[in-house]
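Per-entry structural report
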Amino acid sequence: MSSISQVNADVLKQAQQRIQQDLLTALAAFSIPEPLKAAVHHAVMLGGKRIRPALCYAAAALKPNPHFAAARRAAVAVELIHCYSLAHDDLPCMDNDLLRRGQPTCHVAFGEDTALLAGDILQSMAFEILGSRLFDEQGQGTDPAIVLKQMQILATASSKMVCGQVLDLQAEGKQVDQAELENIHRNKTGALIQAAIMMGAVTVFAGTDQAIPKLRQFGQSIGLAFQVQDDILDITASTETLGKTAGKDEQVQKSTYPALMGLAQAQAYAQTLHDQAFEALAFFGEDAKDLTAISQFLLARQS
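Residues numbered from 1 in each chain as written. Predicted model: local features only at pLDDT ≥ 70, side-chain atom pairs only at ≥ 80, totals over all residues. Heavy atoms only, no water.

In the nomenclature of an unreviewed UniProt entry, the protein corresponds to (2E,6E)-farnesyl diphosphate synthase from the organism Acinetobacter venetianus. Of the protein, the UniProt comment under Sequence similarities (unreviewed entry) reads exactly: "Belongs to the FPP/GGPP synthase family." Regarding the protein, the UniProt comment filed under Cofactor (unreviewed entry) reads as follows: "Mg(2+)". (UniProt positions renumbered as here; feature names shortened; annotations may be inferred.)

Pasting the structure below:
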């Protein structure tokens, strides 16, 4: 029998394989001049954990789903937004990072101007994909109300992400309390993770369904837990394992959970947040096996 960790990794691997192919299909649908095309491909296709698409697929799989093509488009869109945010966050005027996913960051490879424009076009591409018929089978269509909900969810989360990045930059070199730190990361990191879940959820659940607040609660908990774990790994993992510069948070005096509460307490807090996420998923029973597997993988991740 497979171990729990193997099962969890298999769920994520299957999602990664699906999103890699769907991202390639989506990028091929756009006519983009060089070198912007190469920069976009660099920003999107050089790996990554693909957690957001995986969560989107898993939420859409909670029930038999006649609108799964809409969930696939949503998974592509949320990953494009995530990749744009990384390309911009890495810029010298922001976090000034040289390494991402084990490769030179977009501005290092293509210049600041092209990296900036790559992030810009990825934003508009995300919403164009959401409103398209990509992945629809012949004769199949998606309820326009679902598409509108997905666009609203993604737009709101994208705005929150930008606001969170502003707060994060403002907090560098300062001591902030836990409430302020959580406000930063519920926006900067958590909002897009929660959006991925909800964009999948609206393909199978009506807004009045009891499942919606349960999934929102799950998204809030797992989104914040993801950031706490990121802060921990910046201290405990190597640059080679992370695929980005380890110890960067301390170098630039970022406000982090280990800096605020100590490493051991931050690790305990990550466990508490995961417990809250699992509690919300209990509502769905065995139907949430994929969401549970991804959450268990995130708790144990080392990169």
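Once you've had a look at it, read on.
Here we come to the pattern of salt bridges. What the rule picks out here adds up to 12 salt bridges. In this structure, the salt-bridge partner of arginine 101 is glutamate 79, at a minimum N-O distance of 3.7 Å. Of this pair, arginine 101 sits in the loop between strand 1 (99-100) and strand 2 (103-104) while glutamate 79 sits in helix 4 (residues 68-89), and the two are 22 residues apart along the sequence. Comparing arginine 101 with glutamate 79 shows no difference in burial state: the two are buried. (Salt bridge = Lys/Arg side-chain N within 4 Å of Asp/Glu carboxyl O. Helix = DSSP H or I, 4+ residues; strand = E, 2+ residues; numbered from the N terminus. Buried < 20%, exposed > 50% of the residue type's maximum accessible area, 1.4 Å probe, protein only.)

Now for empty space enclosed by the protein. Leftover empty space is mapped by rolling, across the atoms, a probe with the size of a water molecule. Enumeration according to the criterion identifies one cavity of 30 Å³ or more in this entry. Computed from the structure, the largest cavity encloses a volume of approximately 100 Å³. The set of elements that each furnish at least two residues to the lining of the largest cavity consists of helix 2 (36-45) and helix 4. No other element matches helix 4, which puts three residues into the lining of the largest cavity. Looking at the lining of the largest cavity residue by residue, the classes come out as seven nonpolar, two polar and three charged. (1 Å grid on protein atoms, 1.4 Å probe; cavity = no way out; pocket = protein on both sides within 12 Å on 5 of 7 lines; lining within 4 Å. Points joined across faces, edges and corners; volume = space filled by probe spheres on them. Nonpolar A, V, L, I, M, F, W, Y, C, P; charged D, E, K, R; others polar.)

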